[in-house]
Amino acid sequence: MKTAQITLYNTLTRRLEAFVPLVDGEVRIYCCGPTVYNYPHIGNMRTYVFEDLLVRTLRYAGYKVTHVMNITDVGHLVSDADEGEDKMLVAARREGKNSYEIADFYTKVFFDHATKLNIRRPDIVCKATEHVAQMIALVQRLEERGYAYASGGNIYFDVSKLPDYGKLARLDLDQLRAGARIEVDEHKRNPLDFALWFTKSKFEAQEMKWHSPWGEGYPGWHLECSAMAQTYLGDTLDIHCGGIDHVAVHHTNEIAQSEGATGRPFVRYWLHAGFLVLGKDKMAKSSGEFLTLDRVTERGIDPLSFRLFCMTGSYRNELSWSWEALEGAANTLRRLKSQVAQWRLDATNTNHPCTPLSLRAGELKSAFEDEIYNDLNFANALAVLHQTAQDTALSPAEKLNLFSLYDEVFGLGVESWQAVQEDIPETIQILAQEREAARKAKNWAEADRLRTEIAALGYTVEDRADGPRIISRPADLGKH
Ligand code: AMP
Ligand code: ZN
């Protein structure tokens, strides 16, 4: 299949570039996953929505995509610069559980929130704790190549050995060295060096430890992404993503480790999502005060309104959070749903045949594609969606066709926006819509649970070719 041309903003070059993968037609992409010690906040979810939109755009453009995401379940200290305790341990103490129980619980919460946002599960999800052997091998390779040194019981990366250290963030190394506090870790040769492996940490109670050639200990946080990216995607990736906060430390150190170990470029295109901001403050999980998707659903707002809200600005810019802005997105979503429901009724009544796209529909489709291929300009792509809704020259069936097509990328669940069935109570209709959304997200357990709940209330959902249909069951059948 021929692939479409996409332009992406590369943080490495600070330029918009034509995207050309290493292997024709294939994309290897790595996204930094969550640190699973607390609920993900909606700022984190903004970054995952962006990554989902990117992967969907690449697939829509015809690429075969391999999408890898890690789960950080060890080694991320409270500060990004090797200071403080392991975040997992802090959470374990807070909740009276062990670190593995914490990781398990918050990993499930993360995927539950991702499913509610129609974020597709990456092809490979890999946990740090299950890749310690690969991390140790990487440190050994760095030792062999002269990039690592042992000091005070820990193994550090020597940034002075890599001539272009800091290239992603364009760090001014002299200034940083002058300003750095050497007393933070007296074992480092250079204040910018970072830990690859800890056997002596500044706290005693580290729960997760592994045997290593340097003694019992645990990996530095940056190591997992270099090791797992290489394991699943090879030495050079096409795309690596994360939030903008990762540029200066985490991604800078991932590059150092990977390029130090292989001598090859680690990543061809670095893409970063801007922060979701609450007024002037960034939303930080570690500060304790943050908003989660649960607060959104508790207010009766469809979580997909948040997905729509994320598309209203460029992924690269900060996005200002407010409840008013979210309510605005929720209203838009409601209006779109009722329009689509009406077109479904109209299209069924007129029994419109499935015809090829008209000239006008073709123009709108190309306009939509131009926008998403232009560094994911979803705000403009949404404008095309609204134009489509309002276009008087298009038939309801054509509008439905276009909306379904756009939704391969938007992921707003258009297929589940069904005509309201007048004779069915609203509560049943909402349950049926939630079930359809769960089915679309391949969350079969939730879809089955909702089907049972609907059945208990005396109704059945039939999955027909044109979408689900709710049927009221005779009273005697509804009882058992
Ligand atoms: P963490 O779980 O803290 O490792 O973060 C998961 C992802 O969320 C990373 O890619 C971060 O860069 C990103 N992130 C953290 N805070 C925000 C925010 N306020 N807005 C957008 N992305 C964020
Ligand atoms: Zn990472």
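Residues numbered from 1 in each chain as written. Chains lettered and ligands numbered in written order. Predicted model: local features only at pLDDT ≥ 70, side-chain atom pairs only at ≥ 80, totals over all residues. Heavy atoms only, no water.

Caption draft 1: Layout of the overall build of the protein. In terms of regular secondary structure, the protein is built from 16 helices and 16 strands. Computed over its C-alpha atoms, the radius of gyration of the protein comes to 25 Å, within 12% of the 23 Å expected for a compact globule of 480 residues. Each principal axis of the C-alpha distribution contributes one length, and for the protein these read about 75 × 55 × 40 Å. Out of the 480 residues in the protein, the part that is buried amounts to 54%. (Helix = DSSP H or I, 4+ residues; strand = E, 2+ residues; numbered from the N terminus. Rg over C-alpha atoms; globule rule 2.2 N^0.38 Å. Buried < 20%, exposed > 50% of the residue type's maximum accessible area, 1.4 Å probe, protein only.)

Caption draft 2: Representation of the pattern of salt bridges. On inspection of all chains with the given rule, the structure shows 23 salt bridges. The salt bridge partner of Glu-369 is Lys-365, with a shortest N-O separation of 3.2 Å. In this pair, Glu-369 and Lys-365 both sit in helix α11 (residues 359–373), four residues apart, roughly one turn of the helix. The exposure class of Glu-369 is buried, given its relative accessible area of 16%. Accessibility expressed as a relative area gives 26% for Lys-365, which makes it partly exposed. Here Arg-449 ties to Glu-446 by a salt bridge, and the two come within 3.1 Å at their closest N and O atoms. Linking Arg-449 with Glu-446, this pair stays in helix α15 (residues 444–456), spanning three residues, or about one helical turn. (Salt bridge = Lys/Arg side-chain N within 4 Å of Asp/Glu carboxyl O.)

Caption draft 3: Quick look at helix α4 (residues 132–144). In this model, α4 (13 residues) spans 18 Å end to end at C-alpha, consistent with the 18 Å of a helix rising 1.5 Å per residue. Looking only at α4, the buried set comprises Val-132, Met-135, Ile-136, Leu-138, Val-139 and Leu-142. Down the axis of α4, the buried set is contained in an arc of 160°. They therefore lie on one face. In α4, those exposed residues whose orientation departs by more than 90 degrees from the buried face are Ala-133 and Glu-144. Elements that come into contact with the buried residues of α4 comprise β6 (148–151), β7 (154–157), β8 (194–198), β9 (218–219), α6 (221–233) and α7 (247–262). Backbone geometry just after α4 places Gly-146 at a positive phi near 85°. (Expected span 1.5 Å × (residues − 1). Arc of directions from axis to C-beta. Contact = heavy atoms within 4.5 Å.)

Caption draft 4: The packing of aromatic side chains, seen in detail. Taken as a whole and assessed by the stated rule, the structure comprises 26 aromatic pairs. Their ring planes at 35° and their centres at 4.5 Å tell us that Phe-368 and Tyr-406 sit as a pair that is tilted. Of this pair, Phe-368 sits in helix α11 while Tyr-406 sits in helix α13 (residues 396–410); the two residues are 38 residues apart in sequence, bridging distant segments of the chain. Overall, Tyr-406 belongs to the buried group, its relative accessible area being 0%. Taken together, a centroid distance of 5.5 Å and an interplanar angle of 70° make the contact between Phe-368 and Phe-410 edge-to-face. Residue Phe-368 is found in helix α11, and its partner Phe-410 is found in helix α13; the two are separated by 42 residues along the sequence. (Phe/Tyr/Trp six-rings, centres within 6.5 Å; stacked < 30°, edge-to-face > 60°.)

Caption draft 5: Region of the structure containing the state of the cysteines. A full pass over the atoms with the stated rule returns zero disulfides. You can see Cys-31 has no disulfide; the closest cysteine sulfur is in Cys-241, sitting 4.1 Å from it. Overall, the relative accessible area of 0% leaves Cys-241 in the buried class. (Disulfide = S-S within 2.5 Å.)

Caption draft 6: Expanded view of helix α3 (residues 99–116). With 18 residues, α3 extends 26 Å between its outermost C-alpha atoms, agreeing within 8% with the 26 Å of an ideal straight helix rising 1.5 Å per residue. The set of residues buried in α3 consists of Ser-99, Ile-102, Ala-103, Tyr-106, Thr-107, Val-109, Phe-110, Phe-111, His-113 and Ala-114. The residue sitting at the N-terminus of α3 and contributing the capping side-chain oxygen is Asn-98; that oxygen lies 3.0 Å from the backbone nitrogen of Tyr-100. Two residues or fewer past α3, Asn-118 is found with a positive phi of approximately 55°. (Polar contact = N/O pair within 3.5 Å; in protein donor to acceptor, adjacent residues only side chain to side chain.)

Caption draft 7: Main features of the side chain of Asn-190. Secondary-structure assignment places Asn-190 in the loop between α5 (173–179) and β8. Looking at Asn-190, its side chain comes within polar contact range of the main-chain nitrogen of Leu-192, at 2.8 Å. What Asn-190 contacts, discounting residues up to four positions off in sequence, is Tyr-149, Val-159 and Arg-177.

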